[in-house]
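Close look at the chain arrangement
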Amino acid sequence: MKIFYSPSYTIATHSFETTRKARWIAESLAREPIAGIELVEPEPTNAAALSGVHDPDYVDAVRTGNPRELAESQGFRWDPTLWEMVCASNGGVIAAAIEVLRTGRVSGSLSSGLHHARRARGAGFCTFNGLVLAARAALDAGARRVLILDLDAHCGGGTHELIRGDERIWHMDVSVHAFDTYEPPGNNRLEIVHDGSRYLPTIERELTWLEREGPRFDICLYNAGMDPFGGCPTGGMQGITEKVLRDREIAVFSWCRLRCVPIAFVLAGGYLGEELERAGLVALHRLTLDAACECM
């Protein structure tokens, strides 16, 4: 299974979980490999591809740092390496999507910071929306129906804005925090869970709804957030344990395997705090990698 990663994913000088944890996970794989995983460096995306989803003026602001307010609208201090980082990281999401269309199986990218980005600005530590970039790349490559499954703690309002009106892309969003909420029309569904004991049953119910009401998907793009974890200081919910998240990952990958839906995943949220140190955060994200391998 190819997992896309480049040291450029973490090259920006702004030090924050979203700009550093891909390296932590890659280093953990070097120390403790997971059988079947091959880390592969993707081709970075470019301004032309980004401008197919985002406003060209915003793309240029991130590239040049001018105007600074727009270049830093995701919440990071701008420096020239930010552009290299986001082109590499979003290129990895696109590469994973094309890989699973080619193989019909599973791939992923150690990318994060995607689903809040709007057409004309960043938001919530998300610079460009690699989920939508990958969905459009998949459609261009021949996919007819794309599912974006978002299980970050927070709502994917940027994804909603960018795919609104495109009936080829379905958006299933199960959150535990109302940040970046939206009204889901058409093929979009948003569920905000308020009780940790209802988290897994809600996801299972929504997957059942998709099976009943959705088309046959040619690809699933999975935003695998670990910030619902009860010990995460940004979005965590009491009652959502490591076991719950392990069961969630197995449920998602098994659902796709049983329905022969290729799945490309990314990391999404997960933040350090008093109850979640670096090793614990890495272990949570490795749950996704483990489940992907088990369900190939």
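Before reading further, recall that the structure is shown in the block above.
So, here's what we can say about the structure. (Residues numbered from 1 in each chain as written. Predicted model: local features only at pLDDT ≥ 70, side-chain atom pairs only at ≥ 80, totals over all residues. Heavy atoms only, no water.)

With that settled, consider the nonpolar core. Ranked by size, the top nonpolar core spans 104 residues in total, and within it Leu110, Tyr199, Leu221 and Tyr222 carry the most contacts. Sort the elements by how many residues they give to this core and helix 5 (residues 81-103) lands first, with 12 residues. The contacts of Leu221, once residues within four sequence positions are left out, are Ala97, Leu131, Ala134, Ala135, Val146, Leu147, Ile148, Leu149 and Ala264. (Core = buried A, V, L, I, M, F, W, Y, C linked by side-chain atoms within 4.5 Å. Buried < 20%, exposed > 50% of the residue type's maximum accessible area, 1.4 Å probe, protein only. Helix = DSSP H or I, 4+ residues; strand = E, 2+ residues; numbered from the N terminus. Contact = heavy atoms within 4.5 Å.)

Attention shifts here to helix 5. If you check helix 5, its first and last C-alpha atoms are 33 Å apart, about what 23 residues at 1.5 Å a residue would give, namely 33 Å. The buried fraction of helix 5 is high, at 17 of 23 residues. Once helix 5 ends, the next one or two residues include Gly104, with phi positive near 75 degrees. (Expected span 1.5 Å × (residues − 1).)

Right, let's get into unusual backbone geometry. In this structure, the amide linkage connecting Asn66 to the following residue, Pro67, adopts the cis form with an omega of 0 degrees. Following the sequence through the fold, Pro67 ends up in the loop between helix 3 (56-64) and helix 4 (68-71). In the Ramachandran plot, Asp180 falls in the positive-phi region, its phi being about 65 degrees despite a non-glycine side chain. Tracing the chain through its elements places Asp180 in the loop between strand 5 (169-175) and strand 6 (188-192). What makes Asp180 buried here is its relative accessible area of 13%. For Cys260, which is not glycine, the phi dihedral falls at a positive 55 degrees. In this fold, Cys260 is placed in the loop between helix 9 (242-258) and strand 8 (263-266).

In contact at an axis separation of 6 Å, helix 3 and helix 5 are set at 125 degrees when each is read in the N-to-C sense. One finds that helix 3 runs oblique with respect to helix 5. Listed contacts from helix 5 to Val59, Val62 and Arg63 of helix 3 are Leu82, Trp83 and Val86. Looking at the contact of helix 3 with helix 5 residue by residue, the class counts come to five nonpolar, no polar and one charged. (Axes fitted to C-alpha atoms, helices over the stretch in contact; angles between N-to-C directions. Parallel < 35°, antiparallel > 145°, perpendicular 65-115°, else oblique. Nonpolar A, V, L, I, M, F, W, Y, C, P; charged D, E, K, R; others polar.)

By the element assignment, Ala96 lies in helix 5. With 93 residues separating them in the primary sequence, Ala96 and Ile3 have C-alpha atoms 7.3 Å apart. Residues in contact with Ala96, not counting those within four places in the same chain, are Phe4, Ser107, Gly108, Ser109 and Ala264.

Let us now look at the pattern of salt bridges. Applying the stated rule across the entire model yields 18 salt bridges. When the shortest N-O distance is used, the salt bridge between Arg121 and Glu69 registers 2.7 Å. In this pair, Arg121 is assigned in the loop between strand 3 (106-109) and helix 6 (130-140) and Glu69 in helix 4, connecting sequence segments 52 residues apart. Note on Arg121: relative accessible area 33%, which makes it partly exposed. (Salt bridge = Lys/Arg side-chain N within 4 Å of Asp/Glu carboxyl O.)

Read these as geometric descriptors, not functional statements.
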